[in-house]
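# Secondary and tertiary structure notes
Residues per chain, in single letters:
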Amino acid sequence: MRVFDKSHRLIEWGVAARHHGVEAESGDCCVVQQSTRGALVAVIDGVGHGAEAARVARTAAAVLEKYADESVIELVQRCHRQLLSMRGAVMTLASFDAVDGTMMWLGVGNVEGVLLRTDPTATPNIESPVLRGGVVGYQLPPLRASVIPVRRGDTLILATDGIRSGFAERSVLHDSPQKTADAILARHGKETDDALVLVARYLGRAS
């Protein structure tokens, strides 16, 4: 995982993860990568557990890091081609655009995503991507990305299925991304699966 350049950061972020107790490696991983126009954030869950799932996730992560300037649709298609000979993965990607003040996101499979608006009067103040059923590298569904405006302080949370649903409480907006990620893993992480949660707060323009 390459770290976003924090000397010119568009986002601040934190990640918390743990692997399934009987395995030495986790099949969950994340990407936070600078792009020409902003930053790419993604969470990947390799199918299954253990070393092979970890290899799949690392392979997909390397593709995302190398081609971070491309659209999220193109990135998923690249990952699909790269993983065709492997067991596949599910993933959700979000690309922040500092020029337009927008975020484009897309999910294939069950990596849950939530964007919490810093403005409590915003409608809606919680948004989620449409998750398309399928497995990248095995059965790719028709892809359709959403583009939404973002403002300074909006917080994105991406979590694998090792995190129970219901983690997106607005109270997390008052904590740092790392503290939020740690708390979500502690409160909602399953002991029976790999688990990873990534929290990214947008630090771009206010409007």
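First things first, this report covers the structure right here in the doc. (Residues numbered from 1 in each chain as written. Predicted model: local features only at pLDDT ≥ 70, side-chain atom pairs only at ≥ 80, totals over all residues. Heavy atoms only, no water.)

### Re helix 2 (residues 72-83)
- Here helix 2 is 12 residues long and its end C-alpha atoms lie 16 Å apart, about the 16 Å a rise of 1.5 Å per residue gives.
- Taken together, the buried positions of helix 2 are occupied by V72, L75, V76, C79, H80 and L83. Seen end-on, helix 2 carries its buried residues on one side only, within an arc spanning 140°.
- Residues of helix 2 that are buried in the fold lie against strand 3 (38-46), helix 1 (50-66), strand 4 (89-97) and strand 5 (102-108). (Helix = DSSP H or I, 4+ residues; strand = E, 2+ residues; numbered from the N terminus. Expected span 1.5 Å × (residues − 1). Buried < 20%, exposed > 50% of the residue type's maximum accessible area, 1.4 Å probe, protein only. Arc of directions from axis to C-beta. Contact = heavy atoms within 4.5 Å.)

### Digging into unusual backbone geometry
- A cis amide bond, omega -5°, links T123 with the succeeding residue P124.
- Within the element layout of this structure, P124 appears in the loop between strand 6 (112-116) and strand 7 (126-127).

### Quick word on the pairing of strand 4
- Burial analysis of strand 4 places nine of its nine residues in the buried class, which makes it a mostly covered element.
- Along strand 4, one buried face is formed by A89, M91, L93, S95 and D97 and the opposite face, lined by V90, T92, A94 and F96, is buried too.
- In terms of strand pairing, strand 3 meets strand 4 through nine bridges, oriented antiparallel. Bridge pairing in strand 4 places G46 opposite A89.
- For strand 4 and strand 5, the ladder comprises seven bridges, and the chain directions are antiparallel. Note that in strand 5 the partner of L93 across the bridge is L106.
- Linking strand 4 to strand 5, which pair antiparallel, is a turn of four residues; within it G101 sits at a positive phi near 65°. (Pairing = 2+ DSSP bridges.)

### Some details on the layout of surface pockets
- In this model, the largest pocket occupies a volume close to 230 Å³.
- Along the walls of the largest pocket sit 15 residues, with R37, D69, E70, S95 and D97 positioned nearest its centre.
- Looking at the lining of the largest pocket, the elements with two or more residues in it are strand 4 and strand 5.
- The element contributing the most residues to the lining of the largest pocket is strand 4, with three residues.
- In terms of residue class, the lining of the largest pocket is made up of five nonpolar, five polar and five charged. (1 Å grid on protein atoms, 1.4 Å probe; cavity = no way out; pocket = protein on both sides within 12 Å on 5 of 7 lines; lining within 4 Å. Points joined across faces, edges and corners; volume = space filled by probe spheres on them. Nonpolar A, V, L, I, M, F, W, Y, C, P; charged D, E, K, R; others polar.)

### With respect to the nonpolar core
- With 25 residues, the main nonpolar core has I44, L64, V76, M91 and L93 as its most contacted residues.
- Where this core is concerned, the elements lending two or more residues are strand 2 (28-34), strand 3, helix 1, helix 2, strand 4 and strand 5.
- In contact with V76, other than residues within four places in its own chain, are M91, L93, L106, V108, V136, L140 and L143.
- Counting residues in each nonpolar core, the second largest holds 23 residues, with I11, A39, I148 and L156 among its members. (Core = buried A, V, L, I, M, F, W, Y, C linked by side-chain atoms within 4.5 Å.)

### Topic: helix 1
- Given a rise of 1.5 Å per residue, 17 residues ought to cover 24 Å, and the 25 Å separating the end C-alpha atoms of helix 1 matches this to within 8%.
- Within the span of helix 1, buried status applies to G50, A53, A54, V56, A57, T59, A60, A61, V63, L64 and E65.

### Quick notes on the sheet that holds strand 7
- Sheet architecture is open: five strands sit in the order 1-11-10-6-7, paired in antiparallel fashion. At either end of the open sheet lies a strand with only one pairing partner, and these are strand 1 (11-18) and strand 7.
- The pairing of strand 10 (residues 155-159) with strand 11 (residues 195-202) spans five bridges and is classified as antiparallel. For A159, the partnering residue across the bridge sits in strand 11 and is V197.
- With respect to the sheet, helix 3 (residues 177-188) is in contact with strand 1, strand 10 and strand 11, its orientation differing from that of strand 1 by roughly 25°. (Axes fitted to C-alpha atoms, helices over the stretch in contact; angles between N-to-C directions.)

### Overview of the pattern of salt bridges
- According to the stated counting rule, one finds 10 salt bridges in the structure shown.
- The residue R37 makes a salt bridge to D97 at a minimum N-O spacing of 2.6 Å. Taken as a pair, R37 in the loop between strand 2 and strand 3 and D97 in strand 4 lie far apart in primary sequence, 60 residues in all.
- Between D100 and R37 there is a salt bridge whose closest N-O contact spans 3.2 Å. Here D100 is found in the loop between strand 4 and strand 5, whereas its partner R37 is found in the loop between strand 2 and strand 3, with 63 residues between them in sequence.
- Residue D100 is classed as partly exposed on the basis of its relative accessible area of 41%. (Salt bridge = Lys/Arg side-chain N within 4 Å of Asp/Glu carboxyl O.)

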